[in-house]
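Observations on chain architecture
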Amino acid sequence: MTRSVWLASTAAATLWLGMALPAVAKDPAGAGVEARQDPERHGVLIYDPAFFADTRPRTALDMIQRLPGFALNSGSSGTRGLAGTAGNVLIDGRHPSTKSEGLDNLLGRISADSVERVELIRGGPPGIDMQGRSVVANVVLKTTVTVERVLGFDAYIYEDGYIGPIVMAEYSRRAGDNQIEGAISATVDRTSNTNEGRRQRFDPSGAMIQDAEIDSWDRFRNVRASGAIQRPQGGGLLRVNAVTSYFNNDQEQDIFIRSGAGDDDFSQQGFEELSGEIGARWTRPLGPDTELELTGLQRLETSTVECGFVRTGRTGLFTSDSTAGETIGRGVVRHRRDDRWSYEGGAEVAYNFLDTDSAYEENGVPIGLPGASVLVEELRSEVSGQATWRPAPNLTVEAGLRVEVSEIRQSGDTDSAKSFVYPKPRLLVTWTPMPNHQFRFRAERKVSQLDFGDFAASAEVDLGQVEAGNADLEPYKSNPIEVVYERRFWDEGVFSARLTHNRYEDYIDIIPLVGGFEALGNVGDASQTEFEVQVTLPTDRLGIPGGRLQARAVTRETEITDPLTGETRRFSGDDGFGCGLAFDQDLDGGRWAWGVDHGCDQDGGTSYRVRELRYTESEPYFGAYVQWKPSRDLSVRVDVSNLTDAEERRRRDIYAGPRDSAPLSLRETYSQTRGSWLFLQIRKTI
């Protein structure tokens with residue numbers, strides 16, 4: 001049986017299991033507060049505050065995280081433009097007008113007492129801006145006056161006694177359309193790059209030629225301030241938001257040779273970034289059923305990288321200074337003709353740039369790099385139109401077309417210009433054949449965005465390697481077809497199965513360049529088939545009150561032609577399987593809560609380089625938490641992470657030249673651990 005046939009048969013068996021769930025879920029005993037169906041918008045489930053009462057939510061974020069079968073997606077802040085980059089949560093029916101602030105931060109500043117209700121919108125009823133998603137949530141705020149002042153203190157506490165503090169303060173005042181809010185936070189901490197490990201090297205026959213210890217260290221500092229104000233203006237509603245952030249990170253790595261040939265190695269890296277964003281959104285009704293929305297946004301950031309290494313007979317120093325910016329203007333007109341039909345048309349113009357100057361030297365001698373000095377500019381425009389049709393109460397069809405026109409210019413070491421025109425059609429169909437059963441179908445054409453950083457040179461300082469930039473990159477195109485079946489049961493129970501097949505054109509992976517360098521480049525066609533099952537199981541009827549078990553498993557089949565060998569292989573970094581398991585329980589009416597989570601598969605698959613093969617795997621992850629809410633204005637939570645001190649293992653097969661023709665030179669194995677740690681969170685409303 002081929003893997004594709006196995007995927008299809010597994011999907012069919014899983015669908016049969018989901019359809020059979022009603023036989024298990026008919027016992028009404030112990031039923032709690034249920035979501036209610038919006039009588040005017042089929043497919044919209046309404047969760048009133050009473051639904052969340054047993055968990056004592058402190059913020060809108062707590063409520064979103066408790067929505068059965070819903071996973072928060074904060075959007076893509078790194079994607080240029082606004083169309084299609086928003087997350088999957090609306091606030092009062094609108095997407096946020098900021099990209100630098102994640103939805104988790106925005107929702108975390110809205111108190112639960114300010115929320116009138118939460119809506120789970122499945123299938124895109126007319127008049128809802130789904131931005132191509134089949135499921136979104138909408139937080140509807142109360143129109144009464146609410147004022148909140150919050151002080152927070154968090155701390156990461158590590159086994160070696162190091163403490164990484166986070167302090168924050170938030171203020172908000174909401175009175176219907178009049179809103180003002182602000183937040184400031186400061187963090188000093190370390191990441192998984194602080195660890196201890198071991199490196200061993202073997203010759204092609206498998207004999208050990210070197211044994212070394214690795215001591216890695218890092219620290220980062222981050223200060224962030226944000227604010228927003230919303231007021232009626234010009235017959236509509238104007239919202240202006242701003243955010244600024246400073247971030248720096250220092251890393252060091254020492255390698256001590258314990259046996260075998262070679263000398264001790266040392267590498268270090270410093271990174272510093274200052275960024276800011278200001279955005280505005282103005283909405284105005286143009287009639288009883290028509291609305292105009294205008295959005296403008298400006299982002300700027302500067303960054304500096306300096307890294308170097310010292311190893312046997314060789315020293316290296318890489319430096320880079322970059323400035324990047326984005327300017328966006330977008331307008332959308334929405335018209336809802338009736339309960340069956342709605343239309344939307346829009347246009348967006350964006351200008352983006354990245355100006356980078358890099359330099360690299362070995363043993364004090366400058367080395368020329370492709371893409372060392374680069375100015376990349378993009379002027380992109382997009383027009384779009386879509387219609388949403390509800391031919392029957394249980395059927396919704398959304399069809400749309402976006403046409404993107406862009407020009408990317410590169411100057412500096414290489415002067416080039418490319419123009420692209422991409423039509424991007426999309427079809428979404430949602431069918432609810434009976435209560436609590438829903439099928440969702442999606443087919444569309446998507447076009448990726450080129451990462452401007454791939455045009456410029458970069459460094460992997462811990463490995464003593466430099467990667468060149470590539471001026472000949474083109475965006476890859478994907479054509480996903482997706483089918484989702486969802487079954488809801490036991491008030492909070494959700495079973496879903498998703499099957500997705502995707503065909504890629506001009507897929508991007510590592511390719512060789514002239515001069516012995518390697519870089520990201522287009523490698524041709526590729527495909528991916530993925531099957532995922534998710535279950536949220538409330539345990540009240542199983543004798544465990546207030547509990548919720550969540551499980552997820554996904555299997556993937558990917559296929560690409562290796563640009564060196566010409567053989568078919570998996571995508572880089574794909575091991576074909578992933579899973580996770582979590583359980584949490586509310587006690588004493590939400591006054592106490594606890595939970596555990598288990599990442600049962602952490603493998604990173606194989607990465608294919610020109611002269612290397614890299615393998616990554618990690619031991620299963622375990623974590624736990626306990627939370628105490630002694631009053632409505634105070635909450636304390638402690639997370640214990642990496643309880644088993646999971647080991648991360650890496651292997652590098654290093655070839656004497658291109659791996660399709662050169663022999664294996666040596667094999668390196670890494671094993672690293674970072675220990676367990678506590679995360680303490682204290683929130684006080686004043």
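For the structure given in this document, a descriptive report is provided here. Note that the structure is predicted; figures quoted are calculated from it, not measured.

Examining the overall build of the protein chain
A count of helical and extended segments in the protein chain gives 4 helices and 37 strands. Within the span of the protein chain, comprising 686 residues, buried residues form 47% of the whole.

Digging into the state of the cysteines
Following the criterion strictly, the structure yields 1 disulfide and no others. Between the sulfur of Cys579 and that of Cys600 lies a disulfide, 1.8 Å long from S to S. Placement of Cys579 in strand E29 (residues 577-587) and of Cys600 in the loop between strand E30 (592-599) and strand E31 (605-608) is noted, with a sequence separation of 21 residues between them. Looking at Cys579, the relative accessible area reads 15%, which means it is buried. Residue classification places Cys600 among the partly exposed residues on the basis of a relative accessible area of 29%.

With respect to the nonpolar core
In terms of nonpolar packing, the biggest core is built from 23 residues, with Ile64, Leu67, Phe70, Val89, Leu107, Val115 and Val139 touching the most fellow members. Contributions of two or more residues to this core are made by strand E2 (44-47), helix H2 (49-52), helix H3 (60-65), strand E3 (89-91), helix H4 (103-108), strand E4 (115-122) and strand E5 (135-141). Sequence-distant contacts of Phe70, defined by excluding residues within four places in its chain, comprise Ile64, Asn88, Val89, Leu120, Val135, Val136 and Ala137.

Details of empty space enclosed by the protein
What the rule picks out here adds up to 7 cavities of 30 Å³ or more. Estimates place the volume of the largest cavity at around 60 Å³. In terms of lining residues, the largest cavity is bounded by 10 residues, among which Glu378, Glu404, Ser406, Ser448 and Pro475 are the most central. Ranked by residue count, the leading element in the lining of the largest cavity is strand E18 (residues 395-412), at 3 residues. Taken together, the residues of the lining of the largest cavity break down into 4 nonpolar, 3 polar and 3 charged.

Looking at the packing of aromatic side chains
Counted according to the given criterion, the structure contains 24 aromatic pairs. Ring centres of Tyr47 and Phe52 lie 6.4 Å apart, and the angle between their planes is 45 degrees; on these two criteria the pair is classed as tilted. Judged by relative accessible area, Phe52 falls into the buried class, the value being 1%. Taking the centre distance of 5.8 Å and the plane angle of 45 degrees together, the rings of Tyr476 and Tyr507 count as tilted. One end of the pair, Tyr476, is in the loop between strand E23 (465-467) and strand E24 (477-489); the other, Tyr507, is in strand E25 (residues 493-512), with 31 residues separating them in the sequence. Here a set of aromatic residues connected by ring pairs shows up, and it is made of Tyr156, Tyr158, Tyr162, Trp677 and Phe679. Its end group placed over the ring of Tyr162, Arg219 keeps NZ or CZ at 4.1 Å from the ring centre.

With respect to the environment of Glu505
When you line up the elements, Glu505 lands in strand E25. Residue classification places Glu505 among the partly exposed positions, given a relative accessible area of 26%. As for Glu505 and Val447, which are separated by 58 residues in sequence, their C-alpha atoms are 9.5 Å apart. The residues contacting Glu505, other than those within four sequence positions of it, are Arg445, Tyr476, Lys477, Asn479, Gly524 and Asp525. Among the polar contacts listed, one links the side chain of Glu505 to the side chain of Arg445, at a separation of 3.1 Å.

A look at the sheet that holds strand E1 (residues 36-37)
Spatial strand order, E1-E2-E4-E5-E3: 5 strands in an open sheet with mixed pairing. Pairing within the sheet leaves two strands with one partner each, and these edge strands are E1 and E3. Note: E1 against E2, 2 bridges, orientation antiparallel. Of the residues in E2, the one forming a bridge with Arg36 is Ile46.

Some points on the pattern of salt bridges
As a working rule, side chains carrying opposite charge can pair if their charged atoms are close by. Going through the model one piece at a time under the given rule, you end up with 62 salt bridges. In this structure, Arg36 engages Asp48 in a salt bridge whose closest nitrogen and oxygen atoms are separated by 2.8 Å. Residue Arg36 is located in strand E1, and its partner Asp48 is located in the loop between E2 and H2; the two are separated by 12 residues in the primary sequence. Of the residues examined, Arg36 reaches a relative accessible area of 40% and is grouped as partly exposed. For Asp48, a relative accessible area of 27% gives the class partly exposed. A salt bridge links Arg109 to Glu181; the nearest nitrogen and oxygen atoms lie 3.3 Å apart. Of the two residues, Arg109 is situated in the loop between H4 and E4 and Glu181 in strand E8 (residues 178-189); the sequence distance between them amounts to 72 residues. Take Arg109 and Glu181: they sit in the same class, and that class is buried. A cluster of three or more residues bridged by salt bridges with shared partners is formed by Arg442, Glu444, Glu482, Arg498, Glu530, Glu532, Arg552, Arg556, Glu557, Arg570, Asp574 and Asp575.

Points about the pairing of E4
The side chains of a regular strand alternate between the sheet's two faces. Taken across its 8 residues, E4 has 6 buried, putting it largely inside the fold. Relative to E4, E2 runs antiparallel, the two sharing 4 bridges. Paired with Val44 across the bridge in E4 is Ile121. Where E4 and E5 come together, 7 bridges link them in antiparallel fashion. Bridging across to E5, Leu120 finds its partner in Ala137.

Quick word on the pairing of E31
By the bridge criterion, 4 bridges tie E31 to strand E32 (residues 612-618) in an arrangement that is antiparallel. Directly across from Tyr608, in E32, lies its bridge partner Leu613. Counted between consecutive antiparallel strands, the loop separating E31 from E32 contains 3 residues.

Describing the side chain of Glu119
By the element assignment, Glu119 lies in strand E4. For Glu119, the side chain forms a polar contact with the side chain of Arg117, separated by 3.0 Å. Among residues more than four places away in sequence, those in contact with Glu119 are Arg41, Val44, Leu45, Ile46, Val136, Ala137, Asn138 and Val140.

Focus: a nonpolar patch on the surface
Together, Leu587, Trp592, Trp594, Val596, Val626 and Trp628 line one region of the surface with nonpolar side chains, adding up to about 490 Å² of accessible area. When contributions to the nonpolar patch are tallied by element, the ones reaching two or more residues are E30 and strand E33 (621-631). By residue number, the principal contributor to the nonpolar patch is E30, which donates 3 residues. With respect to the helices, strands and loops of the structure, Val626 is situated in strand E33. Val626 sits in the partly exposed class, given a relative accessible area of 36%.

So, the environment of Gly176
By secondary structure assignment, the location of Gly176 is in the loop between strand E7 (163-175) and E8. Sequence spacing of Gly176 and Val145 is 31 residues, and the spatial spacing of their C-alpha atoms is 7.1 Å. Excluding its chain neighbours within four sequence positions, the residues that come into contact with Gly176 are Thr143 and Thr144.

Description of unusual backbone geometry
Of note, Arg56 is a non-glycine position whose phi angle comes to about 50 degrees, a positive value. Among the residues examined, Arg56 registers a relative accessible area of 31% and is labelled partly exposed. Residues other than glycine seldom take positive phi values, yet Asp588 does so here, at roughly 55 degrees. Within the fold, Asp588 resides in the loop between E29 and E30.

Rules of the game
- Residues numbered from 1 in each chain as written.
- Predicted model: local features only at pLDDT ≥ 70, side-chain atom pairs only at ≥ 80, totals over all residues.
- Heavy atoms only, no water.
- Helix = DSSP H or I, 4+ residues; strand = E, 2+ residues; numbered from the N terminus.
- Buried < 20%, exposed > 50% of the residue type's maximum accessible area, 1.4 Å probe, protein only.
- Disulfide = S-S within 2.5 Å.
- Core = buried A, V, L, I, M, F, W, Y, C linked by side-chain atoms within 4.5 Å.
- Contact = heavy atoms within 4.5 Å.
- 1 Å grid on protein atoms, 1.4 Å probe; cavity = no way out; pocket = protein on both sides within 12 Å on 5 of 7 lines; lining within 4 Å.
- Points joined across faces, edges and corners; volume = space filled by probe spheres on them.
- Nonpolar A, V, L, I, M, F, W, Y, C, P; charged D, E, K, R; others polar.
- Phe/Tyr/Trp six-rings, centres within 6.5 Å; stacked < 30°, edge-to-face > 60°.
- Lys NZ or Arg CZ within 6 Å of the ring centre and 35° of its normal.
- Polar contact = N/O pair within 3.5 Å; in protein donor to acceptor, adjacent residues only side chain to side chain.
- Pairing = 2+ DSSP bridges.
- Salt bridge = Lys/Arg side-chain N within 4 Å of Asp/Glu carboxyl O.
- Patch = residues over 30% accessible without salt bridge, like charges linked within 9 Å, V, L, I, M, F, W, Y side chains within 5 Å.
- Areas by Shrake-Rupley, 256 points an atom, 1.4 Å probe, with all protein chains shown as cover.

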